[in-house]
Amino acid sequence: MYLMKDITRDGAKVLRERAKPVTFPLSDEDKKLAHDMMAYLVISQDEEQNEKYHLRPGVGLAAPQVGQSKAMAAVLVPGENNEILFKEVLINPRIISNSVQHAALAEGEGCLSVDKDIPGYVVRADRITIAYQNEAGEHKKVRLKNYPAIVCQHEIDHLNGVLFYDHINKEHPFSIDPNAVLIH
Ligand SMILES: CC(C)(C)[C@H](NC(=O)Nc1cc(F)cc(F)c1)C(=O)N(CC(=O)NO)CC1CCCC1
Ligand SMILES: [Zn+2]
């Protein structure tokens with residue numbers, strides 16, 4: 001399983017490359033990668049386990065963050081009462097449509113690969129439709145909004161070599177259009 005030492009940090013080239021498409025059927029290596037990335041998220045969201053292994057509780061993890069330039073990301077988004085809002089391994093994901101309306105996390109964003117806090121609104125689409133393949137190679141199309149949509153945009157950014165702070169307005173980090181949704 002991955003520990004924080006296995007997470008590639010900002011400055012590593014792999015985080016700024018476009019990740020390569022994944023071919024099917026998945027190789028054993030790719031199956032293990034998918035499993036290990038999701039395992040990180042599950043374990044990191046468990047109070048005891050994340051204490052024991054000193055893990056930052058993660059909602060998403062993209063393959064470049066574990067040094068693999070492959071178009072694959074695991075997402076595990078919990079709801080208010082710890083129900084699961086969205087749990088999936090996204091393979092070759094693409095955003096095929098997004099709302100005109102913007103959204104941003106009111107608290108700003110962080111990243112498992114970025115150790116410093118960078119304040120500011122990361123302005124994204126409030127609603128998106130993503131197309132991806134699951135581990136079985138089945139083509140899926142899913143509409144997402146609010147927090148799950150933010151997480152998937154953050155992870156798909158990683159597959160294009162984009163980090164959250166690239167989106168923050170340098171002059172006015174907390175500027176955002178009045179019609180945008182602030183997500184608490
Ligand atoms: C960087 C970190 C602060 C750890 C961030 N977690 C987070 O925002 N909150 C969180 C974590 C949980 F496990 C359960 C929960 F309900 C809330 C995160 O995982 N990521 C994932 C990442 O870095 N992927 O590459 C950053 C998030 C910022 C916006 C979307 C993903
Ligand atoms: Zn990240």
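Parameters at a glance
- Residues numbered from 1 in each chain as written.
- Chains lettered and ligands numbered in written order.
- Predicted model: local features only at pLDDT ≥ 70, side-chain atom pairs only at ≥ 80, totals over all residues.
- Heavy atoms only, no water.
- Donors = N, O, S within 2.8 Å, 3.2 Å for Na, K, Ca; no water.
- Helix = DSSP H or I, 4+ residues; strand = E, 2+ residues; numbered from the N terminus.
- Buried < 20%, exposed > 50% of the residue type's maximum accessible area, 1.4 Å probe, protein only.
- Pairing = 2+ DSSP bridges.
- Axes fitted to C-alpha atoms, helices over the stretch in contact; angles between N-to-C directions.
- Contact = heavy atoms within 4.5 Å.
- Expected span 1.5 Å × (residues − 1).
- Near = heavy atom within 4 Å.
- Polar contact = N/O pair within 3.5 Å; in protein donor to acceptor, adjacent residues only side chain to side chain.
- 1 Å grid on protein atoms, 1.4 Å probe; cavity = no way out; pocket = protein on both sides within 12 Å on 5 of 7 lines; lining within 4 Å.
- Sits in = over half its atoms within 2 Å of the grid points.
- Nonpolar A, V, L, I, M, F, W, Y, C, P; charged D, E, K, R; others polar.
- Core = buried A, V, L, I, M, F, W, Y, C linked by side-chain atoms within 4.5 Å.

Brief notes about the coordination of the zinc ion (ligand 2)
Right, on to step 1. Taken together, Cys 111 (SG), His 154 (NE2) and His 158 (NE2) make up the full set of protein donors to the zinc ion (ligand 2), lying 2.1 to 2.3 Å away.
Right, on to step 2. Written as a sequence motif, the donor residues of the zinc ion (ligand 2) are C-x42-H-x3-H. Taken as a pair, His 154 and His 158 lie in helix 3 (residues 146-159) at a separation of four residues, close to a single helical turn. As far as the burial class goes, His 154 and His 158 line up, both buried.

Some points on the sheet that holds strand 6 (residues 127-133)
Right, on to step 1. The five strands are arranged 1-2-3-6-7 in an open sheet whose pairing can be described as antiparallel. Every other strand in the sheet has two partners, leaving strand 1 (60-62) and strand 7 (139-145) as the edge strands with one partner each. Going from strand to strand, the sheet's axes swing by 40° on average, the running direction of each strand aside.
Right, on to step 2. Sheet analysis places strand 2 (residues 72-78) next to strand 3 (residues 84-98), joined by seven bridges and oriented antiparallel. Residue pairing in the sheet places Ala 73 in a bridge with Leu 90 of strand 3.
Right, on to step 3. Sitting on the sheet, helix 1 (residues 28-44) is in contact with strand 1, strand 2 and strand 3, with an inclination near 25° to strand 2.

Regarding helix 1
Right, on to step 1. The end-to-end C-alpha distance of helix 1 is 24 Å, a good match for the 24 Å that 17 residues give at a rise of 1.5 Å each.
Right, on to step 2. For helix 1, the set of buried residues is Asp 30, Leu 33, Ala 34, Asp 36, Met 37, Met 38, Ala 39, Tyr 40, Leu 41, Ile 43 and Ser 44.
Right, on to step 3. Elements that come into contact with the buried residues of helix 1 comprise helix 2 (47-53), strand 1, strand 2 and strand 3.

Side note on the site of ligand 1
Right, on to step 1. As a matter of local geometry, ligand 1 sits amid 18 residues, with Val 59, Gln 65, Leu 112, Glu 155 and His 158 nearest to it.
Right, on to step 2. Within the backbone of Val 59, a nitrogen or oxygen atom sits 3.0 Å from an oxygen atom of ligand 1.
Right, on to step 3. Contact between ligand 1 and Leu 112: an oxygen atom at 2.8 Å from a main-chain N or O atom of the residue.
Right, on to step 4. Its atoms largely coinciding with the cavity grid, ligand 1 occupies the largest pocket.
Right, on to step 5. The leading source of residues in the shell around ligand 1 is helix 3, at five residues.
Right, on to step 6. Among the residues making up the shell around ligand 1, the classes are represented as eight nonpolar, seven polar and three charged.

Remarks on the nonpolar core
Right, on to step 1. Counting 22 residues, the largest nonpolar core has Tyr 2, Leu 33, Met 37, Tyr 40, Leu 41, Leu 61 and Met 72 as the members making the most contacts within it.
Right, on to step 2. Contributions of two or more residues to this core are made by helix 1, strand 2 and strand 3.
Right, on to step 3. It is helix 1 that provides the largest number of residues to this core, a total of seven residues.
Right, on to step 4. Residues within four places of Met 72 in sequence aside, it is in contact with Val 22, Asp 30, Leu 33, Ala 34, Met 37, Ala 62, Ala 63, Val 89, Leu 90, Ile 91 and Leu 159.
Right, on to step 5. Counting 14 residues, the second largest nonpolar core, distinct from the first, contains Val 142, Leu 144, Val 151 and Cys 152.

A word on the pairing of strand 4 (residues 102-105)
Right, on to step 1. Taken together, the two bridges between strand 4 and strand 5 (residues 124-125) define a ladder with antiparallel strand orientation. Opposite His 102, over in strand 5, you have Ala 125 as the bridge partner.
Right, on to step 2. Pairing geometry for strand 4 and strand 8 (residues 181-183), over three bridges, is parallel. Counterpart to Ala 104 in the pairing with strand 8 is Leu 182.

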